[in-house]
Amino acid sequence: MIREAVKEDLQGILELYLSLHEDSIPEDNEHLHDTWDKIIGDPDHHLIVNEVDGKIVSSCVCVIIPNLTRNVRPYAFVENVVTHEAYRCKGYASECLDHAKKIAIENNCYKMMLLTGSKRASTWNFYEKAGYNRNDKTAFYQKL
């Protein structure tokens with residue numbers, strides 16, 4: 001079942017992120033809960049989850065960013081695309097990306113962007129199959 005995250009999903013999402021690039025779940029403290037409240041409360045921040053038998057197995061984030069160019073149309077940025085290892089290659093992440101695209105269209109976005117740190121051809125092919133083009137733009141990244 002594809003849906004947007006709700007407040008009660010925090011633990012499931014943090015557990016899923018162990019399949020992304022995290023090596024531990026963050027400390028359960030006020031900063032974590034304040035950040036989660038900001039994410040859940042922001043109407044332009046969409047944390048999309050795919051749930052199977054009550055377990056969050058895949059997710060992505062789609063943020064709608066207001067913009068003054070392109071006839072004052074926003075754009076969407078997709079981040080943290082992840083599927084639990086045991087559920088990969090079953091279409092769950094594709095469903096998350098499709099839902100993100102639907103949100104972007106509903107918000108009149110003129111484009112969607114995502115970055116991946118993966119160097120695997122299979123990952124690049126996955127994003128290209130989902131409609132993303134890696135040839136027209138060049139991404140630059142600065143770690144802070």
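Up top you'll find the structure we're talking about.
It should be emphasised that the depicted structure is a prediction, and the values quoted were computed from it without experimental measurement.

Colleague: Help me get a handle on helix 3 (residues 92-106), residues and values and all.
Modeller: Between its terminal C-alpha atoms helix 3 stretches 21 Å, which fits the 21 Å expected from 15 residues at 1.5 Å a residue. Each element contacted by the buried residues of helix 3 is listed here: strand 1 (2-4), strand 2 (45-52), strand 3 (55-65), strand 4 (75-83), strand 5 (112-114) and helix 4 (121-129). Residue Asn 108 follows helix 3 closely and has a positive phi angle near 60°.

Colleague: Could you give me a rundown of the environment of Leu 144, with the residues and numbers involved?
Modeller: Counting through the fold element by element, Leu 144 comes out in the segment after helix 4. For Leu 144, a relative accessible area of 95% corresponds to the exposed category.

Colleague: Help me get a handle on the pairing of strand 3, residues and values and all.
Modeller: Burial analysis of strand 3 places 8 of its 11 residues in the buried class, which makes it a mostly covered element. Across 8 bridges, strand 2 lies against strand 3 in antiparallel orientation. For Leu 47, the partnering residue across the bridge sits in strand 3 and is Val 61. Counting the residues that bridge the hairpin from strand 2 to strand 3 gives 2 residues, and of these Asp 53 lies at a positive phi of roughly 50°. Where strand 3 meets strand 4, 7 bridges bridge the pair, whose relative direction is antiparallel. Paired with Val 61 across the strands is Glu 79, a residue of strand 4.

Colleague: Explain the pattern of salt bridges to me, and be specific about the residues and the numbers.
Modeller: One side chain can pair with another of opposite charge once the charged atoms of both are near each other. Under the counting rule described, the total for this entry stands at 4 salt bridges. Across the pair Asp 9 and Arg 3 runs a salt bridge, and its minimum N-O distance is 2.6 Å. Side by side, Asp 9 and Arg 3 carry an identical accessibility label, which is buried. We note a salt bridge from Arg 3 to Glu 51, for which the minimum N-O separation is 3.1 Å. Linking Arg 3 in strand 1 with Glu 51 in strand 2, this pair joins segments that are 48 residues apart in sequence. Of the two residues, Arg 3 and Glu 51, both sit in the buried class. Through salt bridges with shared partners, a single ionic network connects Arg 3, Asp 9 and Glu 51.

What counts, and at which threshold
- Residues numbered from 1 in each chain as written.
- Predicted model: local features only at pLDDT ≥ 70, side-chain atom pairs only at ≥ 80, totals over all residues.
- Heavy atoms only, no water.
- Helix = DSSP H or I, 4+ residues; strand = E, 2+ residues; numbered from the N terminus.
- Expected span 1.5 Å × (residues − 1).
- Contact = heavy atoms within 4.5 Å.
- Buried < 20%, exposed > 50% of the residue type's maximum accessible area, 1.4 Å probe, protein only.
- Pairing = 2+ DSSP bridges.
- Salt bridge = Lys/Arg side-chain N within 4 Å of Asp/Glu carboxyl O.

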